[in-house]
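Read off the chains here:
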Amino acid sequence: MYIVGEEEIAALANVIREGRLFRYGVGNECDRFESRYAAHLGVGHFALTVSGTYALSAAMIALGLGPGDEVLIPAHTYMATATAVLTTGAIPVIVDVDESITIDPAAIENAIGPRTRAVVPVHMWGAACNMDAIMDIARRHELWVIEDSCQGVGGGYEGKKFGSIGHIGAFSFNYYKNMTSGEGGGVSTSDERLAKRARCAIDPCHFYWTGREDGDEADKPFAGNGGRASELMGAMLNVQLDRIDGIVAAMRAEKKQVIEGTKKLSNLGLKLSPMNSPDHDCAAHLMYLMPSAEEAKRFTRIFPSVIAGKTGRHTYTEWDQVLMGMGAAHPAMNPYNHPDNAACRRTYSKDMCARSLEILNRTVMVPMHPKHSQAEIDAIIHNIEVASRAVLAGDEDGSIKPTSALDAQKFDMSAT
Ligand SMILES: *Cc1c(COP(=O)(O)O)cnc(C)c1O
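Attention in this report is confined to the structure presented alongside it. (Residues numbered from 1 in each chain as written. Predicted model: local features only at pLDDT ≥ 70, side-chain atom pairs only at ≥ 80, totals over all residues. Heavy atoms only, no water.)

**A look at the overall build of the chain**
Spelled out, the test is: A run of DSSP states H or I qualifies as a helix once it reaches four residues; a run of E qualifies as a strand once it reaches two. Both are numbered from the N-terminal end. Our radius of gyration is a C-alpha quantity, and the globule rule it is checked against amounts to 2.2 Å times the number of residues to the power 0.38. Per-residue accessibility, obtained with a 1.4 Å probe over protein chains only, is compared with the maximum for each type, and a residue is labelled buried under 20%, exposed over 50%, and partly exposed between these values. Residue contacts follow a heavy-atom distance rule, with two residues in contact if any of their heavy atoms lie within 4.5 Å. Each accessible area is a Shrake-Rupley result for a 1.4 Å probe, and residues are judged covered by the shown protein chains and nothing else. For the charge count, each Lys or Arg is scored as positive and each Asp or Glu as negative, with His and the chain ends excluded. To locate a charge, take NZ of a lysine, CZ of an arginine, CG of an aspartate or CD of a glutamate.
For the chain, the helix and strand inventory stands at 14 helices and 13 strands. The globule rule puts the C-alpha radius of gyration for 416 residues at 22 Å, and the 22 Å found for the chain is close to it. Taking the principal axes of its C-alpha atoms as reference, the chain extends roughly 75 × 55 × 35 Å. Sorting the 416 residues of the chain into buried and exposed places 55% on the buried side. Expressed as a percentage of contacts within the chain between residues at least 6 apart in sequence, the contacts between residues at least 24 apart total 73%. For the chain, the exposed area adds up to about 17000 Å²; of that, 51% sits on carbon and sulfur atoms. Taking the 40 positively charged and 51 negatively charged side chains of the chain as two groups, their mean positions are separated by 0 Å.

Below, the structure is given as structure tokens:
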């Protein structure tokens, strides 16, 4: 969500004017953001990096995942959740989502095998995963929990912020996310050793800039790729962080109004999707479960909104590299070929999570936006009613009201 003002421009101009473009020993915007965002999340450590994809990968490398390990991921997420697992040499195992369109705790439990070491709840579209159930399963089976909070900036679950509940979390500050510096991301954790390893995964020369320490075996630096954050990113995010509570509060207020305003339509059969933490999630989208995919299609044709299963890249059927078994550029580095992964579940098919597809294809998402005016919110409520009457009650009489010039931007959000 791109909500910026003169403050961001001034902060960026200041960094450029002063030539403070490197985070270590030159500028302090990244450092300042990391400690402020850690405090915002309620975790001990936050490490900035270039993207959410890189953050996920660094988080999984920090945990020590690798060949021989399986990581459970949901059938509905951006493909980076799956490809990040592959960057460690481990194998992603895809499990179903439930009607909240987040990972189904029962499906996690069913999928756990002798190789399973971790699970990735993804707070998709800002909606909360069922974290109590997931943490309980993780405790019983000794699994790591990596919260993919890339779409969950500003939101939380029952009073705790996303990315502070599992062992480690990953965030994205890409253009489409709730808070942005164009591109960007980071790793959250309260475990100091994990934080150190994540920083090494982000910058193998990190110890040079911040000081070497004598540690035991687990603290030794390792070779990796480079994803060091820029001071421009830090400067912009320091301003964006001042905005995020207001952004989320506005979306929550809109969500509440739209829920209230469409309540009476439940007697037509309009059904809200279940929410795992309705008062704490990001409220970036309101979701309705249509009786079938056919009704979802008709609904979105009448009132342009988004079908969760039809975004073109957020469902496992679209993850080409994973489905093709192209887990790395070089065949010898491909986890799908690695002998240690011989006992892992490595085969996928387009219908392996048919229940998820069925749910996703009848889930309609109505995007909220912090800049919606009261008239626009009223129009959204009106339009949901018109579409519901037509689709669920066969009453085709109503006309759709325009919901503003912001439409283009709102629908960009579905491109998250
Ligand atoms: C955006 C996103 C990512 C990746 O973030 P980038 O910053 O685009 O690399 C990972 N997971 C989810 C769920 C996302 O939405």
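From this point, the discussion proceeds with the structure in view.
**Let's talk about the packing of aromatic side chains**
The criterion, for reference: Side-chain rings of Phe, Tyr and Trp (the six-membered ring for Trp) are treated as a pair once their centres are within 6.5 Å; stacked means planes under 30 degrees apart, edge-to-face means over 60, and tilted covers the remaining angles.
Summed over the entire model, instances satisfying the criterion amount to 16 aromatic pairs. On the numbers, 5.4 Å between centres and 40° between planes, the contact of tyrosine 2 with tyrosine 175 is tilted. Of this pair, tyrosine 2 sits in the segment before α1 (6-17) while tyrosine 175 sits in the loop between β8 (168-172) and β9 (185-189), and the two are 173 residues apart along the sequence. Residue classification places tyrosine 175 among the partly exposed residues on the basis of a relative accessible area of 33%. Look at phenylalanine 22 and tryptophan 209: their rings are 4.8 Å apart centre to centre, the planes differ by 65°, and that puts the pair in the edge-to-face class. Here phenylalanine 22, found in the loop between α1 and α2 (29-41), pairs with tryptophan 209, found in helix α8 (residues 206-210); they are 187 residues apart in sequence, far enough to count as distant.

**Describing the sheet that holds strand β10 (residues 271-272)**
We apply this condition: Two strands form a pair only when DSSP identifies at least two bridges running between them. Helix axes are fitted to C-alpha atoms over the stretch in contact, other axes to C-alpha atoms as well, and angles between N-to-C directions run from 0 to 180 degrees.
Strands sit in the order β10-β11-β13-β12 across an open sheet of 4 strands; the sheet is antiparallel. Looking at strand neighbours, the two that pair on one side only are β10 and β12 (306-307), the edges of this open sheet. By the bridge criterion, 2 bridges tie β12 to strand β13 (residues 363-367) in an arrangement that is antiparallel. If you follow valine 306 over to β13, its bridge partner there is methionine 365. Along the sheet, helix α9 (residues 231-262) contacts β10 and β11 (285-289); its crossing angle with β11, the most-contacted strand, is approximately 30°.

**Some details on the sheet that holds β8**
Here 7 strands make up an open sheet; going across it, the order is β1-β9-β8-β5-β4-β2-β3 and the pairing mixed. Here the strands that pair on one side only, and so sit at the sheet edges, are β1 (45-49) and β3 (91-95). Averaged over all pairs of adjacent strands, the angle between their axes in this sheet comes to 25°, without regard to strand direction. Packing against the sheet, helix α3 (residues 52-63) makes contact with β1, β4 (116-119), β5 (144-148), β8 and β9, and its axis sits at approximately 165° to β8.

**Some words on the site of the ligand**
Note the following rule: Nearness here has a simple test: a residue counts as near a molecule or strand if at least one of its heavy atoms is within 4 Å of that partner. Here a polar contact is taken to be a pair of N or O atoms separated by no more than 3.5 Å, where protein atoms must pair a possible hydrogen donor with a possible acceptor and residues adjacent in sequence count only if both atoms sit in side chains.
Near the ligand you find 16 residues, and of these Gly52, Thr53, Gln151, Ser172 and Lys177 are the closest. Glutamine 151 places a polar side-chain atom, nitrogen or oxygen, 2.7 Å from an oxygen atom of the ligand. Within the side chain of lysine 177, a nitrogen or oxygen atom sits 2.8 Å from an oxygen atom of the ligand. For the ligand, the accessible surface in isolation is 380 Å², of which the surrounding protein chains cover 94%.

**Digging into the pattern of salt bridges**
Between side chains of opposite charge, a pair can form as their charged atoms come close. Applied cut-off: Counted as salt bridges are all cases of a side-chain nitrogen of Lys or Arg within 4 Å of a carboxyl oxygen of Asp or Glu.
A full pass over the atoms with the stated rule returns 23 salt bridges. Residue glutamate 385 pairs with lysine 264 through a salt bridge whose shortest N-O separation is 3.3 Å. One end of the pair, glutamate 385, is in helix α13 (residues 374-393); the other, lysine 264, is in the loop between α9 and β10, and 121 residues separate them in sequence. Shared partners join several salt bridges into a network, and the residues in it are Arg23, Asp31, Glu34 and Arg199.

**Quick word on helix α10 (residues 293-302)**
In plain terms, the rule: Read the arc as the range of directions from the helix axis to the C-beta atoms.
Every buried residue belonging to α10 is among Ala296, Phe299 and Thr300, and all of these are buried. Along the long axis of α10, the arc covered by the buried residues comes to 90°, so they all point the same way. Residues of α10 that are buried sit in contact with β12, β13 and α13.

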